[in-house]
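Read off the chains here:
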Amino acid sequence: MQFEVNEERPGQWSWTLRGSRGETIARSPVGYPSQVQASAAATAFARMVAKASAQMHGR
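Here goes a summary of the coordinates provided. Quick caveat: nothing in here was measured; it's all calculated off a predicted structure. (Residues numbered from 1 in each chain as written. Predicted model: local features only at pLDDT ≥ 70, side-chain atom pairs only at ≥ 80, totals over all residues. Heavy atoms only, no water.)

What follows covers the packing of aromatic side chains. Per the stated rule, a full pass over the model turns up three aromatic pairs. Ring geometry for Phe 3 against Phe 45: centres 6.5 Å apart, planes inclined by 85°, an arrangement best described as edge-to-face. Pair noted here: Phe 3 is in strand 1 (residues 2-9) and Phe 45 is in helix 1 (residues 35-56), with a separation of 42 residues, a long-range link. Note on Phe 3: relative accessible area 32%, which makes it partly exposed. (Phe/Tyr/Trp six-rings, centres within 6.5 Å; stacked < 30°, edge-to-face > 60°. Helix = DSSP H or I, 4+ residues; strand = E, 2+ residues; numbered from the N terminus. Buried < 20%, exposed > 50% of the residue type's maximum accessible area, 1.4 Å probe, protein only.)

Let us look at the side chain of Thr 16. Relative to the helices and strands, Thr 16 is located in strand 2 (residues 12-18). Taking relative accessible area as the criterion, Thr 16 reaches 2% and is therefore assigned buried. A polar contact of 3.1 Å, which involves the side chain of Thr 16, links it to the side chain of Arg 27. Each residue touching Thr 16, except ones within four places of it in the same chain, is listed here: Gln 2, Phe 3, Glu 4, Thr 24, Ala 26 and Arg 27. (Polar contact = N/O pair within 3.5 Å; in protein donor to acceptor, adjacent residues only side chain to side chain. Contact = heavy atoms within 4.5 Å.)

Ranked by size, the top nonpolar core spans eight residues in total: Trp 13, Trp 15, Leu 17, Ala 26, Tyr 32, Ala 38, Ala 41 and Ala 42. When contributions to this core are tallied by element, the ones reaching two or more residues are strand 2 and helix 1. (Core = buried A, V, L, I, M, F, W, Y, C linked by side-chain atoms within 4.5 Å.)

On to the sheet that holds strand 2, then. Strand pairing in a sheet is mediated by backbone hydrogen bonds. Such pairs are either parallel or antiparallel. Read from one edge to the other, the open sheet built from three strands follows the order 1-2-3, with strand pairing classed as antiparallel. The outermost strands of the open sheet, each flanked by one partner alone, are strand 1 and strand 3 (24-27). When the angles between neighbouring strand axes are averaged without regard to direction, this sheet yields 30°. Summarising the sheet, strand 1 and strand 2 pair through seven bridges and their orientation is antiparallel. Counted as the bridge partner of Glu 7 is Trp 13 from strand 2. (Pairing = 2+ DSSP bridges. Axes fitted to C-alpha atoms, helices over the stretch in contact; angles between N-to-C directions.)

Okay, here's the thing in structure tokens:
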């Protein structure tokens, strides 16, 4: 899996999490005013998913 950060339109950035075959796993629910903010939001999402996974597996 990998994150992509794209400018949807001028001043509107979003992230997409893609699976190994290019399928969309998740997308940002809102747009961000900069690439840096969209990247930070993708990182925060990845951390939340890792934390939820650890909780599911009793870690």
